[in-house]
Number of protein chains: 2
Amino acid sequence: MLGEIAGIDEKSTFASRREAYEAGVHRALQAGIVGTGDTGAESIVVSGGYPDDVDEGSWLLYTGHGGRDPATRRQIAHQRFDSPGNAALETSRIQGLAVRVIRKVGKVYRYGGLFRVEESMLVYPTGGEFKVCRFEMVKIDKAIDATYAPVEVEVSAEEHHPDLPIGNFEPGRRSSNVQRIIRSTEVAERVKTLYDHTCQMCGIKLVVTGDRGYSEGAHIQALGGLHRGPDVVENMLCLCPNCHVLFDSGALIVEKDRSLLLNGKPAVLNNKPAPKLREHQDHHVDDKYLAHHREARGKS
Amino acid sequence: MLGEIAGIDEKSTFASRREAYEAGVHRALQAGIVGTGDTGAESIVVSGGYPDDVDEGSWLLYTGHGGRDPATRRQIAHQRFDSPGNAALETSRIQGLAVRVIRKVGKVYRYGGLFRVEESMLVYPTGGEFKVCRFEMVKIDKAIDATYAPVEVEVSAEEHHPDLPIGNFEPGRRSSNVQRIIRSTEVAERVKTLYDHTCQMCGIKLVVTGDRGYSEGAHIQALGGLHRGPDVVENMLCLCPNCHVLFDSGALIVEKDRSLLLNGKPAVLNNKPAPKLREHQDHHVDDKYLAHHREARGKS
């Protein structure tokens, strides 16, 4: 079950993994991640198990699961985004789902609140021979999410259709969560203007008013504390919202020769074959950023 | 010019419209809105010119421009979203652009900061014979936007290609603005699961990991302080990101018979003709919400 557990707050402490399990807060006795690629991650246990892990309270770098020899606890293979725990965190990232964080503090376990998976990367750890899945997680501030949430609306009993199999039968207040945030920078605006909001991957231009298009600037090597990509035109693509989601998720990659692969096959995007990235003569995308994206998403 | 003006802050006061004009804060002497449908709205003057206008400091309901008899100042025609000032605010809404607000306070004008256009609606005002364009505007809290913004990245001189006509030549810090926020509610999640993330308009399913799709729940009659739509399945569509943008902008509407019109013509969405909204047998979309959407966007 995703989200808050009734009666559990940031004062809640558990003497053992079993206690945390029975409280429903982390429903596994050994595994650090509970969840699947289908549902997203319900919860994780943060215990500094890997040397590059960082815990700054509201910001975490967390290493995923897998590739360890159970006897020696040494890394003997690459981690993968498609193994169950890592896939769960990937789904949480792409779908914008909240993950419960439980911290090992000395001998006990303390509930740390809900976090969002901001970014992820397949990367060699310091001094490591094998790649790990690293996740950047940011604490959800309910006051901030609420600011962006629309005014809660009282739903009256008259609004419902009791004879329908699916419906909302209890009057009450509903609130919303942030699922995905599209950002823009001055550099992004320049690139979108250059392409007149035409997607570099599928060629679509969404016309929203009069003649004006809508598109999104996608940093190839993501900005932020994990990927640390630069905000420059060489690291930017003008994409339609659909291609942007596919690119951010890692399902869609750009090869060195600019061919487009979707889930490993020549890309069909928005119902049309999309063999190659389109580039304006005045816009040069640097392959080092495309290479970072391929590697970081585990696709190279 | 969009955004903050150097040297102008919320203490800045102007003795007249001309002073505000010369400071670059509101570059028109009479008009209440500066901007175009192409660029978005640079600035607006809030002076309580219409009876239903509301000013709560960080939240405004603002009536657009047009349809007034200049001699009597009475409304003699409907306002339209495609007249210049209103089109400018619509573009700001759809593109997520920041608008400067200047308030008339007694005889003087005071800068009120940057606002986002949260929603818009074509509606009959209280006691009015003719529709007006009403805009819901929310003050941008830079601390909150910054929380969602990625860590600012120092860009070194080595990152640039000085021989390219477009590039980012000054090392320095860049930050991002929120362009668009996708929200979800429990009701939205239920509808998306029912459709298995397949868009009810164009039929596409974006596959992001393994088998899992990505889609967005769109309230037909928007939640929030302007449209006050309910969070119920009858008021919800499962859409791909592209169709969601087109629907929110008002470019794409659903007729009473469920046919889809894009900019007034039978819809072609994501490169395919999309004649009708698809509905699952267990999901009933109520036409009263579709009608609200058509009217609110000025399309009925």
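Scoring rules and cut-offs
- Residues numbered from 1 in each chain as written.
- Chains lettered and ligands numbered in written order.
- Predicted model: local features only at pLDDT ≥ 70, side-chain atom pairs only at ≥ 80, totals over all residues.
- Heavy atoms only, no water.
- Disulfide = S-S within 2.5 Å.
- Domains from an automatic or database assignment.
- Contact = heavy atoms within 4.5 Å.
- Buried area = accessible area lost by both parts, 1.4 Å probe.
- Salt bridge = Lys/Arg side-chain N within 4 Å of Asp/Glu carboxyl O.
- Helix = DSSP H or I, 4+ residues; strand = E, 2+ residues; numbered from the N terminus.
- Phe/Tyr/Trp six-rings, centres within 6.5 Å; stacked < 30°, edge-to-face > 60°.
- Buried < 20%, exposed > 50% of the residue type's maximum accessible area, 1.4 Å probe, protein only.
- Lys NZ or Arg CZ within 6 Å of the ring centre and 35° of its normal.
- Core = buried A, V, L, I, M, F, W, Y, C linked by side-chain atoms within 4.5 Å.
- Pairing = 2+ DSSP bridges.
- pLDDT = per-residue confidence, 0-100.

## Considering the state of the cysteines
Enumeration according to the criterion identifies 0 disulfides over all chains in this entry. As a non-bridged cysteine, Cys240(A) has Cys243(A) as the owner of its nearest cysteine sulfur, 3.7 Å distant.

## What about the domain arrangement of chain A?
All names here are of chain A. On domain assignment, one finds that chain A holds domain 1 (13–142) and domain 2 (185–296). On a C-alpha basis, the centroid separation for the pair domain 1 and domain 2 is 30 Å. On the side of domain 2, 9 residues touch domain 1, which itself brings 12 residues to the contact. Interface area for domain 1 against domain 2, summed over the two sides, is near 840 Å², with a carbon-plus-sulfur share of 60%. Connecting domain 1 to domain 2 are 0 salt bridges. Counting residues per element, the ones that place at least two in the side of domain 1 that touches domain 2 are β5 (59–63), α2 (84–95), β7 (108–123) and β8 (132–139).

## Concerning the packing of aromatic side chains
Residue and element names in this part refer to chain A. Counted according to the given criterion, the structure contains 2 aromatic pairs over all chains. Judged by centre distance (6.0 Å) and plane angle (75°), the rings of Phe81 and Phe135 are edge-to-face. In this pair, Phe81 is assigned in the loop between β5 and α2 and Phe135 in strand β8, connecting sequence segments 54 residues apart. As far as the burial class goes, Phe81 and Phe135 line up, both buried. Just above the ring of Tyr50 sits the side chain of Arg68; from NZ or CZ to the centre is 4.2 Å.

## Regarding helix α5 (residues 241–249) of chain A
All names here are of chain A. Burial runs high along α5: 8 of the 9 residues are buried. Looking at α5, one finds that the buried residues are Pro241, Asn242, Cys243, His244, Val245, Leu246, Phe247 and Ser249. Looking at the residues trailing α5, positive phi occurs at Gly250, about 95°.

## Regarding the nonpolar core
Grouped together as the largest cluster of nonpolar side chains are 62 residues, with contacts concentrated most on Met201(A), Leu269(A), Met201(B) and Leu269(B). Those residues in contact with Leu269(A), other than ones at most four positions away along the chain, are Met201(A), Cys202(A), Cys243(A), Leu246(A), Leu252(A), Leu260(A), Leu262(A), Ala274(A) and Asn271(B).

## Structural notes on the environment of Glu90(B)
All names here are of chain B. For Glu90, the location among the structural elements is in helix α2 (residues 84–95). Accessibility expressed as a relative area gives 4% for Glu90, which makes it buried. A C-alpha to C-alpha distance of 18 Å links Glu90 and Gly264, two positions 174 residues apart in sequence. With near-sequence residues (within four places) excluded, Glu90 lies in contact with Phe81, Ser120, Phe135 and Ser249.

## Considering the sheet that holds strand β16 (residues 252–254) of chain A
All names here are of chain A. Spatially, the 3 strands line up as an open sheet ordered β16-β17-β18, and their pairing is antiparallel. In the strand order of this sheet, the two ends are held by β16 and β18 (265–266), each with one partner. Here β16 runs beside strand β17 (residues 260–262); their pairing, made up of 3 bridges, is antiparallel. By the bridge assignment for β17, Leu252 is matched with Leu262.

## Examining the side chain of His292(B)
Secondary-structure assignment places His292(B) in helix α6 (residues 287–296). When sequence neighbours within four positions are dropped, the list of residues in contact with His292(B) reads Met121(B), Gln221(B) and His227(B).

## Regarding the confidence of the model for chain A
Scored by pLDDT, chain A comes out at a mean of 90, with 90% of its residues at no less than 70. Here the predicted complex carries an ipTM of 0.89, next to a pTM of 0.90.

## Looking at the pairing of β8(A)
Residue and element names in this part refer to chain A. Judged by how many residues are buried, β8 sits mostly within the fold: 6 of 8 residues are covered. Where β5 meets β8, 5 bridges bridge the pair, whose relative direction is antiparallel. Across the sheet, residue Leu61 finds its bridge partner in β8, namely Glu136. Where β7 and β8 come together, 8 bridges link them in antiparallel fashion. For Arg116, the partnering residue across the bridge sits in β8 and is Val138.

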